[in-house]
Amino acid sequence: MPIRIDNELPAKQSLEIENIFVMGNTRADNQDIRPLKIIILNLMPTKLETETQLLRLLSNSPLQIDIDFLQVATHEAKNVSKSHMDKFYNVFEDIKDNKYDGMIITGAPVEQMPFEEVDYWDELCTIMEWSKKNVYSVMHICWGAQAGLYYHYGIKKYPTDKKIFGIFPHFCLDDTHPLMRGLDDIYYVPHSRHTQIKRGDIAQIKDLQILSYSEDAGVHIVADMECRKFFITGHSEYDRDTLAKEYFRDIDKGLDIEMPINYFPNNDPKAVPKMTWRGTANLIFNNWLNYFVYQKTPYDLNTL
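Overview of the structure. (Residues numbered from 1 in each chain as written. Predicted model: local features only at pLDDT ≥ 70, side-chain atom pairs only at ≥ 80, totals over all residues. Heavy atoms only, no water.)

### Observations concerning the pattern of salt bridges
- Across all of its chains, the model carries 10 salt bridges by this definition.
- Across the pair D239 and R56 runs a salt bridge, and its minimum N-O distance is 2.8 Å. One end of the pair, D239, is in the loop between β12 (229-232) and α9 (242-252); the other, R56, is in helix α3 (residues 47-58), with 183 residues separating them in the sequence.
- Its salt-bridge partner being E258, residue K162 comes within 3.6 Å of it at the nearest N-O pair. With K162 in strand β8 (residues 158-172) and E258 in the loop between α9 and α10 (278-294), this residue pair connects regions lying 96 residues apart in the sequence.
- Linked by salt bridges that have partners in common, K163, E246, R249 and D250 make up one network. (Salt bridge = Lys/Arg side-chain N within 4 Å of Asp/Glu carboxyl O. Helix = DSSP H or I, 4+ residues; strand = E, 2+ residues; numbered from the N terminus.)

Printed below as a string of structure tokens:
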């Protein structure tokens, strides 16, 4: 089944080329069903790439989904045109009276700053507080996961000795949890960050459960006991070349950056990386949509 997006969103053409079923507003308005309503708070600087990555994964299910995009009003996007943001994105004032089945809060390149020094921190806190009563299930990704754990539970982030950068093996700590259903005993996920959350800190919070872990990259997925909040430190939504773009960008800036681990074949940066995390990404997003959004959310969102 399709995702419903604006006919003119640039991601629509990219997804159609991949034979992914996307539906424009006109056709969707004539269908007599209740689609899932998902809102994406996109904090990534690479707005267009992130839109396509997330929409690709959300589309890979038998569910029809209406998508809204959200931006923070207290920060101006620098890597995408203002016309794109004005046309396709809402601000909080536009949607604060809405109800949603699900929400995704992306990462952002501000992880080395204290949370309170991020220029849109207060607005993000307002949005996360709003989500408690207006969204059934929220998926936080990378810095968005760290921000959510800090805001909701006071869990701190810590700098790492070097950037956690590459494709890392993970294992399930609870393979009976529906979010982990279908994942291999060892599965791979990209990470790109300079900070981490500590397993011991999460263990002190009785409302939280660590679902997956990596010996090299640390805590991967954390869920609250109601399964209404998920915190994912990795980037399973990344494209094949996303880490390569980050690596070459930092090289061009003259930064001291190590080659991403387990990424380039034979550690040859000219070689095309192997996509070893696509199945994992599809399962995680499908499981979230199916078990914790579609099967849990009331038909009438006004009763949320």
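Here the narrative resumes.
### Digging into helix α6 (residues 121-134)
- Its 14 residues give α6 an end-to-end C-alpha distance of 20 Å, which sits within 8% of 20 Å, the value for a rise of 1.5 Å per residue.
- Turning to α6, its buried residues number three or more, namely W121, E123, L124, C125, I127, M128, W130, S131 and N134.
- The inward-facing, buried residues of α6 abut β3 (36-41), β4 (65-70), α5 (92-95), β6 (100-105), β7 (135-141) and α7 (143-153). (Expected span 1.5 Å × (residues − 1). Buried < 20%, exposed > 50% of the residue type's maximum accessible area, 1.4 Å probe, protein only. Contact = heavy atoms within 4.5 Å.)

### Things to note about the packing of aromatic side chains
- Under the definition given, this model contains 17 aromatic pairs.
- Linked through ring pairs, F115, Y120, W121, W143 and Y150 together constitute an aromatic cluster.
- Across from the ring centre of Y136, 4.3 Å away, lies the NZ or CZ of R228, which sits over that ring. (Phe/Tyr/Trp six-rings, centres within 6.5 Å; stacked < 30°, edge-to-face > 60°. Lys NZ or Arg CZ within 6 Å of the ring centre and 35° of its normal.)

### Re the side chain of N134
- The residue N134 is located in helix α6 in this model.
- On the accessibility criterion, N134 (11% relative accessible area) is buried.
- Other than its neighbours up to four places away in sequence, N134 contacts K96, N98, K99, Y100 and L304.

### Focus on the nonpolar core
- Residues I38, L58, I104 and W288 are the most contacted members of the largest nonpolar core, which totals 40 residues.
- The dominant element in this core, judged by the number of residues it contributes, is α10, at eight residues.
- Grouped together as the second largest cluster of nonpolar side chains are 25 residues, L70, I95, V135 and V138 included. (Core = buried A, V, L, I, M, F, W, Y, C linked by side-chain atoms within 4.5 Å.)

### Description of the packing of α3 against α10
- Where α3 meets α10, the closest approach of the two axes is 9 Å, and the angle between their N-to-C directions is 65 degrees. In this view, α3 runs roughly perpendicular relative to α10, as classed from their interaxial angle. Contacts from L54, L57 and L58 of α3 reach α10 at A281, N282, F285, W288 and L289. (Axes fitted to C-alpha atoms, helices over the stretch in contact; angles between N-to-C directions. Parallel < 35°, antiparallel > 145°, perpendicular 65-115°, else oblique.)

### So, the side chain of H220
- As for its placement among the helices and strands, H220 is situated in strand β11 (residues 218-224).
- Of the polar contacts made by the side chain of H220, one reaches the side chain of Y187; its length is 3.2 Å.
- The contact partners of H220, leaving out residues within four places of it in the chain, are H170, Y187, V189, H191, S212, Y213, F231, I232, T233, G234 and I284. (Polar contact = N/O pair within 3.5 Å; in protein donor to acceptor, adjacent residues only side chain to side chain.)

### Looking at the packing of α6 against α7
- Where α6 contacts α7, the two axes come as close as 11 Å, and the packing angle between them is 75 degrees. Taken together, the axis directions place α6 and α7 in an arrangement best described as roughly perpendicular. Where α6 approaches α7, its residues W121, L124, C125, M128, E129 and K132 are matched on the opposing element by W143, A147, G148, Y150, Y151 and H152.
- Taken together, the residues of the contact of α6 with α7 break down into eight nonpolar, two polar and two charged. (Nonpolar A, V, L, I, M, F, W, Y, C, P; charged D, E, K, R; others polar.)

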